[in-house]
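Understanding the architecture of this molecule
Listed below are the residues making up each chain.
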Amino acid sequence: MCKSSNDAVKENMNALFGQVGADQLRKRLKTLTPQERELTVVEYICEALEMGGKYVLPFRFRHEMGNRTSHHLIFVSKHPKGYEIMKEIMAKESSEQTQGVPSFEYNPATLQQPLLFELTRPLDQLESMLLDNFSGKTMTMAEIYDQHHPGKPYIKKNYKTALSNLESQGKITVHSPEDKKRRKGTFADDLKVTFPVKQ
């Protein structure tokens, strides 16, 4: 006797999340919209996969019409370098970028009909986060990036742009190593950034 697809899904959920976790998830999904259900399931999967690897990165594929999800690809790594490499690859494959920040989604519809994604300003949000998170600290660009980017949609060039913007606005102080001369328009990994203490 063949199992129904519902029974198969139930078994898979129990195997992935454990009986208790799967029951909690099923209960939570009942009150959500279809889109909220999808995102919640992906979040639960990412949390479950984090037990096997420290770094988890999801990427969504949409159908050609762009109105439904085709599938998700979820990358897991125990090493920050593997995570960084895959993040750069997924960023290049993203069909949208807002202020240079990738969507981590491939949506064929947006390639033909771009929407007003500039209404969201993720780079501005990154600038605010950096001022808040590193208030009163002095760190290199590389240290800021390594500490901050896991679990966020930003890639290294986004951090360099955000820090350059903050420098031009006079919100941070930037120092070159004593033995190096800074090239105009660049933001090297070894530049030291001093963040003001947040009032």
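What follows deals with the packing of helix H6 (residues 141–148) against helix H7 (residues 156–168). Contact geometry for H6 and H7: axes closest at 10 Å, N-to-C directions at 125°. With respect to their mutual orientation, H6 and H7 come out oblique. For the pair H6 and H7, the sense of crossing is right-handed. On H7, the residues that touch Met141, Ile144, Tyr145 and His148 of H6 are Lys156, Tyr159, Lys160 and Leu163. Across the contact of H6 with H7, the residue classes tally to five nonpolar, one polar and two charged.

The tally for this structure, following the rule as stated, stands at six aromatic pairs. Judged by centre distance (5.9 Å) and plane angle (90°), the ring pair of phenylalanine 17 and tyrosine 44 falls under edge-to-face. One end of the pair, phenylalanine 17, is in helix H1 (residues 5–29); the other, tyrosine 44, is in helix H2 (residues 34–49), and 27 residues separate them in sequence. When its relative accessible area of 18% is taken as the criterion, tyrosine 44 is described as buried. Look at tyrosine 154 and tyrosine 159: their rings are 6.1 Å apart centre to centre, the planes differ by 85°, and that puts the pair in the edge-to-face class. Joined through ring pairs, the aromatic side chains of Tyr145, Tyr154 and Tyr159 make up one cluster.

The rules we used
- Residues numbered from 1 in each chain as written.
- Predicted model: local features only at pLDDT ≥ 70, side-chain atom pairs only at ≥ 80, totals over all residues.
- Heavy atoms only, no water.
- Axes fitted to C-alpha atoms, helices over the stretch in contact; angles between N-to-C directions.
- Helix = DSSP H or I, 4+ residues; strand = E, 2+ residues; numbered from the N terminus.
- Parallel < 35°, antiparallel > 145°, perpendicular 65-115°, else oblique.
- Left-handed = near helix turned anticlockwise from the far one by under 90°.
- Contact = heavy atoms within 4.5 Å.
- Nonpolar A, V, L, I, M, F, W, Y, C, P; charged D, E, K, R; others polar.
- Phe/Tyr/Trp six-rings, centres within 6.5 Å; stacked < 30°, edge-to-face > 60°.
- Buried < 20%, exposed > 50% of the residue type's maximum accessible area, 1.4 Å probe, protein only.

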